[in-house]
Amino acid sequence: MALKIWASLALLCVCHSVLVEAVLAEVGDPVRGQAVFLDRDLGHCVLCHQVSSLGVPFQGNIGPDLSNVGQRLSRKDLWDKIADPTVSNSESTMPAYHRTSDLRQVQPEYLGKPILSQAELNDLVAYLQTLRDAP
């Protein structure tokens, strides 16, 4: 019985890795990603974060400054932190932009739906990857 459980867990891990690799294989568009970063109806990341190169007023200071996040975090790390920040930090107040279960205070029409689609998340990650300190 225990062997079957371990085999099932191993298969689940392999399938998860294959799925993550497939998602990460789709490279997003940084221009569309910047729009997601700013859009009030999508990411609206600028509400909590700032990016010095953006030059837009009223950038947030609740979350970390993302001005050089592209040189600090890998593409996978960015994707994971945006998709579900509670995986790496259970105390995170940042919304899970791609998780669809175990959510609280969700209006019925949004139940089971991610905030950002996979394409929007890939675009946002592509934009964040461009954020690097000038040499």
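**Concerning the overall build of the protein**
A tally of regular secondary structure across the protein gives five helices and zero strands. Scanning the protein from its N terminus toward the C terminus, one meets helices and strands in the order α-α-α-α-α. Every one of the 135 residues in the protein was classed for burial, and the buried ones make up 28%. By sequence separation, contacts in the protein at least 24 residues apart represent 49% of the contacts at least 6 residues apart. Put simply, the protein shows about 9200 Å² of open surface, and 59% of that area lies on carbon and sulfur atoms.

**Brief notes about the side chain of Asn 68**
Here Asn 68 is to be found in the loop between helix H2 (30–38) and helix H3 (69–72). A polar contact of 2.7 Å, which involves the side chain of Asn 68, links it to the side chain of Arg 72. If sequence neighbours within four positions are ignored, Asn 68 has contacts with Leu 131, Arg 132 and Asp 133.

**Some words on the pattern of salt bridges**
As enumerated under the stated definition, the model contains three salt bridges in all. Measuring nitrogen to oxygen at the nearest pair gives 2.9 Å for the salt bridge that ties Arg 32 to Asp 123. Of the two residues, Arg 32 sits in helix H2 while Asp 123 sits in helix H5 (residues 118–129), which places them 91 residues apart along the sequence. One salt bridge connects Lys 76 with Asp 80, and the closest N-O pair in it is separated by 2.6 Å. In this pair, Lys 76 and Asp 80 are both assigned in helix H4 (residues 75–83), four residues apart and thus about one turn of the helix distant. What makes Lys 76 partly exposed here is its relative accessible area of 35%.

**Some remarks on the nonpolar core**
With 20 residues, the main nonpolar core has Phe 37, Val 51, Ile 82, Leu 121, Leu 124, Tyr 127 and Leu 128 as its most contacted residues. Of all the secondary structure elements, the ones that give two or more residues to this core are H2, H4 and H5. The greatest single-element share of this core, amounting to five residues, is contributed by H5.

Quick notes on the rules
Residues numbered from 1 in each chain as written. Predicted model: local features only at pLDDT ≥ 70, side-chain atom pairs only at ≥ 80, totals over all residues. Heavy atoms only, no water. Helix = DSSP H or I, 4+ residues; strand = E, 2+ residues; numbered from the N terminus. Buried < 20%, exposed > 50% of the residue type's maximum accessible area, 1.4 Å probe, protein only. Contact = heavy atoms within 4.5 Å. Areas by Shrake-Rupley, 256 points an atom, 1.4 Å probe, with all protein chains shown as cover. Polar contact = N/O pair within 3.5 Å; in protein donor to acceptor, adjacent residues only side chain to side chain. Salt bridge = Lys/Arg side-chain N within 4 Å of Asp/Glu carboxyl O. Core = buried A, V, L, I, M, F, W, Y, C linked by side-chain atoms within 4.5 Å.

Don't take any of this as a statement about function, it's just geometry.
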